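# Structure at a glance
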Amino acid sequence: AAGQGDQGGQQRESKRRKVSSGAASGGGGGEGPGASELRAQWRAFAADLATAERAAAVAEGGFAFAFVEGKLVQALREGWWLLLDEINLAPAEVLERIAGLLEGAHGSITLVEKGDTHTVTRHPGFRLIAAMNPATDAGK
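Quick look at the structure, then.

### Thoughts on the overall build of the protein
Check the secondary structure of the protein and you find four helices and four strands. Secondary structure of the protein in N-to-C order comes out as α-α-α-β-α-β-β-β. Going through the 140 residues of the protein one by one, you find that 11% of them count as buried. Pairs at least 24 apart in sequence give 56% of the contacts found in the protein among residues at least 6 apart. Roughly 11,000 Å² of accessible area belongs to the protein as shown, and the carbon and sulfur atoms make up 58% of that amount.

### With respect to the packing of aromatic side chains
On inspection of all chains with the given rule, the structure shows one aromatic pair. Measuring from ring centre to ring centre gives 5.7 Å for Trp-42 and Phe-45, while their planes differ by 90 degrees; the resulting arrangement is edge-to-face. Of this pair, Trp-42 and Phe-45 both sit in helix α2 (residues 35–59), three residues apart, which is roughly one turn of that helix.

### Some remarks on the nonpolar core
In terms of nonpolar packing, the biggest core is built from nine residues, these being Val-73, Ala-75, Leu-76, Leu-82, Leu-101, Ile-109, Leu-111, Val-120 and Phe-126. Ranked by the residues each element gives to this core, the list is headed by helix α3 (residues 71–78), at three residues. Apart from the residues lying within four places of it in its own chain, the contact partners of Leu-82 are Leu-72, Ala-75, Phe-126, Arg-127, Leu-128 and Ile-129.

About the thresholds
- Residues numbered from 1 in each chain as written.
- Predicted model: local features only at pLDDT ≥ 70, side-chain atom pairs only at ≥ 80, totals over all residues.
- Heavy atoms only, no water.
- Helix = DSSP H or I, 4+ residues; strand = E, 2+ residues; numbered from the N terminus.
- Buried < 20%, exposed > 50% of the residue type's maximum accessible area, 1.4 Å probe, protein only.
- Contact = heavy atoms within 4.5 Å.
- Areas by Shrake-Rupley, 256 points an atom, 1.4 Å probe, with all protein chains shown as cover.
- Phe/Tyr/Trp six-rings, centres within 6.5 Å; stacked < 30°, edge-to-face > 60°.
- Core = buried A, V, L, I, M, F, W, Y, C linked by side-chain atoms within 4.5 Å.

Function cannot be read off these values alone, since they describe shape.
Below, the structure written as structure tokens:
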């Protein structure tokens, strides 16, 4: 019985040492298992955040979007034929911009959305074909 009591005492002492060593290394401000890995992940996150903040600061004064020329401008430059279907459903502003292309022998358009002051002149081979639905089909 005395041997068993000593064995139980040794087990309790062993558990106390594990708990105290764990408290000293991981509980009270020390490093536990995985703490250095977690700290490295936070450092990587902080670096990524700093990079994103610098990119946002650089873009602050610039444009968030880039202008991409559409098919109309490509057709103007290359001399393609372009079909605008259901043109009667287009907003009045769009029709006003297109009307400038049809004026005179050298119609042109200025891409103010791009920030340019240069005009895109109409290629001699450019053709604009517009189709519309009957007035009774409006809104379909």
